[in-house]
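Letter by letter, the chains look like this.
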Amino acid sequence: MSPTTFEELVILLGPYLQRIHSRPDILSVGEILAATLRYLAAGESMTDIMFNFRIGKSTVSKIILECCNCLWDVLYKDALFTPTEEGWKKLSKEFFDKWQMPNCVGALDGKHVVHQAFQNSGSINYNYKGTHSTILLALCDANYNFTCVDIGMPGRCSDGGVLRASEMGRRILQNDFNFPEASPISEHFKDCPYFIVADEAFPLLPNVMRPYPGRGNKNLPLKSTIFNYRLSRARRCIENCFGILVSRWRIYRRVIIASEPTVMSIIKATVVRRKYAGDKLVV
């Protein structure tokens, strides 16, 4: 992150993080932001941040929670997608131009964010991989940008269960996401609906497309094999999106040791992205 971008972010967060200067050792907005970004990007523990910035450990925990919440509140409206017909059509054109998938408006999948077991949570967050996690269900565009997210479902839930229980999933299942009307994609397909691509964990719906079963089966018809290949190319966007998220914010490369509100705030702060004319701010 360039100094200019950091200063712009300090200005955006200043009204929410500014302290009253009643003490000479009061933390500035820049120090709070720098400590939070260091924690998220380097994957260090809160103890490391305590020694590096000479801040008390309890204070580190509080400022990370506060700063992550402010990052989400300030950036999410510009970073995430507002569902409109024209917006979906623009996303569809990008998927067709880059991945040759007509009428596709997004790729959908879930990611397990591994963390320490929450207090008094029992086994509700215990997943099939043998870890405690919280699920990030996300929809992305053809350029590896998150467009819609749902955060907070326990790790024991399946991706299909998260889809049914979340507000985003409810709108998808009820076709209440302002998708455009069906349009032709060729002379043989006059009324093809706009849809989201997903893997086998999700249900097959008019607006959710999943691959034909039997991938790897040599007896699968040629047209089905070609369709699975094209769908896989488009669906790979969300896998790459998660990969970029983890490589950029290395907090995801280890077990997060934090309370439940802090874990939710960390996820929210790392999925928002804001672009500037001459520089890119990824926060």
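Parameters at a glance
Residues numbered from 1 in each chain as written. Predicted model: local features only at pLDDT ≥ 70, side-chain atom pairs only at ≥ 80, totals over all residues. Heavy atoms only, no water. UniProt positions renumbered as here; feature names shortened; annotations may be inferred. Helix = DSSP H or I, 4+ residues; strand = E, 2+ residues; numbered from the N terminus. Expected span 1.5 Å × (residues − 1). Buried < 20%, exposed > 50% of the residue type's maximum accessible area, 1.4 Å probe, protein only. Contact = heavy atoms within 4.5 Å. Axes fitted to C-alpha atoms, helices over the stretch in contact; angles between N-to-C directions. Parallel < 35°, antiparallel > 145°, perpendicular 65-115°, else oblique. Left-handed = near helix turned anticlockwise from the far one by under 90°. Nonpolar A, V, L, I, M, F, W, Y, C, P; charged D, E, K, R; others polar. Phe/Tyr/Trp six-rings, centres within 6.5 Å; stacked < 30°, edge-to-face > 60°. Core = buried A, V, L, I, M, F, W, Y, C linked by side-chain atoms within 4.5 Å. Pairing = 2+ DSSP bridges. Salt bridge = Lys/Arg side-chain N within 4 Å of Asp/Glu carboxyl O.

- The protein chain has the name DDE Tnp4 domain-containing protein in an unreviewed UniProt entry, where Macrosiphum euphorbiae is given as its organism.
- Regarding the protein chain, the relevant UniProt record gives this comment under Cofactor (unreviewed entry): "a divalent metal cation".

## Digging into helix α2 (residues 29-42)
Stage number 1. Between the first and last C-alpha of α2 there are 20 Å, a value that for 14 residues agrees with the 20 Å anticipated at 1.5 Å per step.
Stage number 2. Residues of α2 that are buried: Val 29, Ile 32, Leu 33, Ala 35, Thr 36, Leu 37, Tyr 39 and Leu 40.
Stage number 3. Along its buried surface, α2 packs onto α1 (3-17), α3 (46-53), α4 (57-79) and α9 (260-271).
Stage number 4. Phi turns positive, to about 75°, at Gly 43, one or two residues after α2.

## Concerning the packing of α2 against α3
Stage number 1. At a minimum axis distance of 10 Å, the contact between α2 and α3 shows a crossing angle of 140°. Between α2 and α3, the angle falls in the class oblique. For α2 against α3, the interelement crossing comes out right-handed. Taken together, the residues of α3 that come into contact with α2 (itself represented by Glu 31, Ala 34, Ala 35, Arg 38 and Tyr 39) are Met 46, Ile 49, Asn 52 and Phe 53.
Stage number 2. In the contact of α2 with α3, the residues fall into 6 nonpolar, 1 polar and 2 charged.

## Here we look at the packing of aromatic side chains
Stage number 1. Tallied over the full model, the rule gives 7 aromatic pairs.
Stage number 2. Aromatic pair Phe 146 and Phe 242: ring centres 5.9 Å apart, planes at 45°, arrangement tilted. Residue Phe 146 is located in strand β3 (residues 146-154), and its partner Phe 242 is located in helix α8 (residues 222-248); the two are separated by 96 residues in the primary sequence.
Stage number 3. Overall, the relative accessible area of 9% leaves Phe 146 in the buried class.

## Thoughts on the nonpolar core
Stage number 1. Counting residues in each nonpolar core, the largest one holds 62 residues, and the members touching the most others are Leu 13, Tyr 39, Leu 136 and Phe 146.
Stage number 2. Looking at this core, the element that brings in the most residues is α4, giving 11 residues.
Stage number 3. Beyond its immediate chain neighbours, meaning those up to four positions away, Leu 13 contacts Val 29, Leu 33, Cys 67, Cys 70, Leu 71 and Val 74.

## Brief notes about the environment of Phe 179
Stage number 1. For Phe 179, the position within the fold is in the loop between α7 (167-173) and β4 (195-197).
Stage number 2. For Phe 179 and Tyr 76, which are 103 residues apart along the polypeptide, the C-alpha to C-alpha distance reads 21 Å.
Stage number 3. If we ignore the near neighbours within four places in the chain, the residues touching Phe 179 are Glu 85, Trp 88, Val 105, Tyr 194, Ile 196 and Asn 207.

## Some details on the sheet that holds β3
Strand pairing in a sheet is mediated by backbone hydrogen bonds. Such pairs are either parallel or antiparallel.
Stage number 1. With respect to topology, 5 strands assemble into an open sheet ordered β3-β2-β1-β4-β5, the strand pairing being mixed. Every other strand in the sheet has two partners, leaving β3 and β5 (208-209) as the edge strands with one partner each.
Stage number 2. Sheet analysis places strand β2 (residues 133-140) next to β3, joined by 7 bridges and oriented antiparallel. Across the sheet, residue Cys 140 finds its bridge partner in β3, namely Phe 146.
Stage number 3. Lying on the sheet, helix α5 (residues 85-99) is in contact with β1 (104-114), β2 and β3; it crosses β1 at an angle near 85°.
Stage number 4. Packing against the sheet, α8 makes contact with β1, β2, β3, β4 and β5, and its axis sits at approximately 45° to β1.

## What to know about the pairing of β2
Stage number 1. Counting buried residues in β2 gives 8 out of 8 residues, a clear majority hidden from the surface.
Stage number 2. By the alternation rule, side chains of β2 split into Ser 133, Ile 135, Leu 137 and Leu 139 and Thr 134, Leu 136, Ala 138 and Cys 140, which are all buried.
Stage number 3. In this structure, β1 lies alongside β2, joined through 8 bridges in antiparallel fashion. Residue pairing for β2: Ala 107 is matched across the bridge by Cys 140.
Stage number 4. As consecutive antiparallel partners, β2 and β3 are separated by 5 residues, and within that stretch Tyr 144 has a phi angle of approximately 65°, a positive value.

## Regarding unusual backbone geometry
Stage number 1. One non-glycine residue with positive phi stands out, namely Asn 120, at about 60°.
Stage number 2. Relative to the helices and strands, Asn 120 is located in the loop between β1 and β2.

## Looking at the pattern of salt bridges
Stage number 1. Inspection of every chain in the model, using the stated rule, returns 6 salt bridges.
Stage number 2. Of the charged contacts, one joins Arg 38 and Glu 44 as a salt bridge, the two residues approaching to 3.0 Å between their closest N and O atoms.
Stage number 3. Taking relative accessible area as the criterion, Glu 44 reaches 17% and is therefore assigned buried.
Stage number 4. Here Asp 97 and Lys 93 are joined by a salt bridge, their closest N and O atoms 2.8 Å apart. In this pair, Asp 97 and Lys 93 are both assigned in helix α5, 4 residues apart and thus about one turn of the helix distant.
Stage number 5. On the basis of relative accessible area, Asp 97 is assigned to the partly exposed category, the value being 47%.
Stage number 6. A relative accessible area of 54% means that Lys 93 is categorised as exposed.
Stage number 7. Beyond isolated ion pairs, a larger network of salt bridges with shared partners links Asp 109, Asp 199, Arg 235 and Glu 239.

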